[in-house]
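Below are the chains, spelled out letter by letter.
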Amino acid sequence: MPTSVFRSALPISAAELYAWHARPGAFARLAPPWQRIEVLEAARNLDPGARARVRLHFGPFPVEWVAEHGHLPVPNFAAGGIATPADAAHLP
């Protein structure tokens, strides 16, 4: 399964950053305002295995995406996407 990793240096502690992401509505706060995104099912927490479902729109085409929180062996947190059947059309 393809994996994407994004890193950013921020002037706050990892605990503060984690708490911001753990608050309800974090995904909606992170979504760019020009991207039409519907949160179909919010993750209940950031524990490994917790999932959220969203619907993104690429032009007239809606695509559902499932995000699953993962675990890294460092004081950090990660989330990844799980491909859906609709994604198969976009894979090489």
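These figures come from a predicted structure and were not determined experimentally.

Observations regarding the pairing of strand E2 (residues 51-58)
On a regular strand, one side chain projects to one face of the sheet and the next to the other, so that they alternate.
Alright, step 1. Pairing of strand E1 (residues 37-41) with E2 involves 4 bridges; the strand directions are antiparallel. Paired with valine 39 across the bridge in E2 is valine 54.
Alright, step 2. As paired strands, E2 and strand E3 (residues 61-70) are joined by 8 bridges and run antiparallel to one another. Bridge pairing in E3 links histidine 57 to proline 62.

A short note on a nonpolar patch on the surface
Alright, step 1. A contiguous nonpolar surface patch, about 240 Å² in accessible area, is contributed by Phe27, Val39 and Trp65.
Alright, step 2. Following the sequence through the fold, phenylalanine 27 ends up in helix H2 (residues 26-30).

Concerning the confidence of the model for the protein
Alright, step 1. Across the protein, the average pLDDT comes to 76, with 75% of residues at or above 70.
Alright, step 2. Least confident of the elements in the protein is strand E4 (residues 78-82), whose mean pLDDT is 50; most confident is E1, at 90.
Alright, step 3. Overall, residues 75-79 carries pLDDT values under 50, and its contacts beyond four positions in sequence, including any with other chains, amount to 11 contacts.
Alright, step 4. Of the regions scoring below 50 in pLDDT, residues 83-92 engages in 6 contacts with residues more than four places distant in sequence or in other chains.

Scoring rules and cut-offs
- Residues numbered from 1 in each chain as written.
- Predicted model: local features only at pLDDT ≥ 70, side-chain atom pairs only at ≥ 80, totals over all residues.
- Heavy atoms only, no water.
- Pairing = 2+ DSSP bridges.
- Helix = DSSP H or I, 4+ residues; strand = E, 2+ residues; numbered from the N terminus.
- Patch = residues over 30% accessible without salt bridge, like charges linked within 9 Å, V, L, I, M, F, W, Y side chains within 5 Å.
- Areas by Shrake-Rupley, 256 points an atom, 1.4 Å probe, with all protein chains shown as cover.
- Salt bridge = Lys/Arg side-chain N within 4 Å of Asp/Glu carboxyl O.
- pLDDT = per-residue confidence, 0-100.
- Contact = heavy atoms within 4.5 Å.

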